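Here is how the chains run, residue by residue.
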Amino acid sequence: MTGQRSVECVVIGSGPSGIACAKALLERGAAVTIVDIGVQLEDNIRRQVQAVASQDPSMWTESQIDSLKAPLEFTISSEAPLKTVFRSSYPYQPPDPNQIQQTDTRCVVSQAKGGLSTVWGGHVMRYAHSDIKHWPISLQDLDAGYAAAAQIIKPTRPKDNDSLDDLFPSPYSYTHDHNLSRQGETLLRKAKQNVALLKKHGVVVGKSRLALSVGCKEVGLCLSGCPFFSIFQADRWLEETLQGESELQYLGGREVVKIHGNKLSGVMRETGQPFELTAQKFFLAAGPLGTARIVFESLDLQELELPLAYHPYALTPLLFFKNEVEAPRERRHTLAQLFMEVWLPAVSQYPVHNQVSTYNAYIKDAVEALLKRFGLQALRPWFSKFLLGRLGAVQSYLHSNEGGMITIQFHKYLEGTLLKLAPPSSSTVHQKFSTYFRQTLWQFLRLGALPLTFMSKIGKPGTGNHIGSCFPMAHQPGEFQTDGMGQLRQLPTLHIVDASVLPDLPAQTITFTIMANAYRIGSKCSLD
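All values reported here derive from a predicted model rather than from experimental measurement.

S.K.: What's the story with the sheet that holds strand S2 (residues 9-12) in this structure? I'm lost.
M.R.: One key point about sheets: their strands pair by backbone hydrogen bonds, in either a parallel or an antiparallel sense. Across the sheet, five strands lie side by side as S6-S3-S2-S10-S21; this open sheet has parallel pairing. The sheet terminates laterally at strand S6 (248-251) and strand S21 (494-496), the two strands that pair on one side only. Across the sheet, the mean angle separating the axes of adjacent strands is 20 degrees when strand polarity is ignored. Of the pairings in the sheet, the one linking strand S3 (residues 32-35) to S6 comprises four bridges and is parallel in character. Residue pairing for S6: Val32 is matched across the bridge by Leu248.

S.K.: Would you mind showing me how to read the packing of helix H5 (residues 139-153) against helix H15 (residues 511-524) here?
M.R.: Each pair of packed helices gets described by two things: the angle between the helix axes and the distance between those axes. Their axes nearest at 7 Å, the elements H5 and H15 cross at an angle of 115 degrees. Between H5 and H15, the angle falls in the class roughly perpendicular. By crossing handedness, the relation of H5 to H15 is classed as right-handed. Touching Asp141, Leu142, Ala144, Gly145, Tyr146, Ala148, Ala149, Ala150, Ile152 and Ile153 of H5 are Phe512, Thr513, Met515, Ala516, Asn517, Tyr519 and Arg520, all from H15.

S.K.: It is not clear to me how the packing of helix H1 (residues 16-27) against H15 should be interpreted in this structure. Could you clarify?
M.R.: Interhelical geometry of H1 versus H15 gives an angle of 30 degrees and a closest axis separation of 7 Å. Between H1 and H15, the angle is such that the two are roughly parallel. Note that H1 runs across H15; the crossing there is right-handed. Listed contacts from H15 to Pro16, Ser17, Ala20, Cys21, Lys23, Ala24, Leu25 and Glu27 of H1 are Thr511, Ile514, Met515, Ala518, Tyr519, Gly522 and Ser523. For the contact of H1 with H15, a count of residues per class yields nine nonpolar, four polar and two charged.

The rules we used
- Residues numbered from 1 in each chain as written.
- Predicted model: local features only at pLDDT ≥ 70, side-chain atom pairs only at ≥ 80, totals over all residues.
- Heavy atoms only, no water.
- Pairing = 2+ DSSP bridges.
- Helix = DSSP H or I, 4+ residues; strand = E, 2+ residues; numbered from the N terminus.
- Axes fitted to C-alpha atoms, helices over the stretch in contact; angles between N-to-C directions.
- Parallel < 35°, antiparallel > 145°, perpendicular 65-115°, else oblique.
- Left-handed = near helix turned anticlockwise from the far one by under 90°.
- Contact = heavy atoms within 4.5 Å.
- Nonpolar A, V, L, I, M, F, W, Y, C, P; charged D, E, K, R; others polar.

In structure tokens, the structure reads:
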């Protein structure tokens, strides 16, 4: 035993929900200990990134840039590749068939310091009242949490309200905004010219809101890792806060196994030695799968089956009418340029959320890979001149109610605990996306873009890391449902504060609301 320690409040996990909850507790004067596995970027890669970041981007060589980008293989039938960081996959727990088995699902577990914020696309959007009117909490209950989350991630927004603000009012004031690419400017201009007609057909378009810092140098490496860390990461907030907050401590290298009463038990990752902590309250922010495993062990069960909600997801190339020939040489961020909300009753009673992106270096890689595959390398100059400046992509998300539920099954054996994931027994996701793009074709054309639906990639359940609702908050909680404070009645000292407690997943981006709810729980729960 490495020893027992007594602390006031323990937060398990250092991702966005963990730090938002910790912020709320610290503001109440509580002493907070964050316990985390805390895998970090490899030292040799970190030194390489620091060397690149120390130079002016205008001095970078192609080989330096390529050294930070993971090579990707593109095929028409393959899944969209997982986003890595400077060629490293450290944010993702290595798949262990003795711990996790998946059948036609694509869920990931992160053990990284900062969680999946280390590979986050930085998209920020609050929910609308209509999204959560059936939840046991209201949008008003989340207002203070949204404001606190905005203080942490410092997101962009247009200086003047746009069409999105009419439906999803911003909970934070203007501080800074991001620049659009030439393609993005053209799309937004067309959206404004056609705003009445688009709205008549249930389409609202606005500039994206991004967790992008004021000092973004627009080097176009957002999808492979920004050397300047301009996209918000929870671990960087944590490191900065630790320097000035005496009531916050971080204990990395520790895997939490179970919680019983006021005692937490776990093991040291390097040595396998057990450790214990005693605390008044525990706040679980380990991500839905990590959280489910800890709850399973804490209840001393032999078997457990839970539902897991996910966002049905499609990635579709776009062909723009206007050829921006300078797009491959333009210095801009490569996160989403626009958000597009579409109400289409034939697909869903909830809006479909779209993130529209313009040219990035991976588009060039994808085109060249396909040319090589079909022996058409001689056409590369023609494609570079007439095609690259016309290419973009749209990521489309449906409400979780449209996809059915993934099934989580836990089984305890002598060797340990096995988690099995299985997709919904039946799903109409492919048909829904087919209907969606067929019926919205004219609205995309009004923006000057043609969806290349024959190249769409429909993600397996869990693709995109948008999962949750395995311990959903409810007005009258059942056996494995939580109350409005994220508590299971079987574990009275524990509050679950990550996506596990969201009753369902509206199609809009989820991280902002996860943080808002974690802050709400941390600021309102009893600490007795």
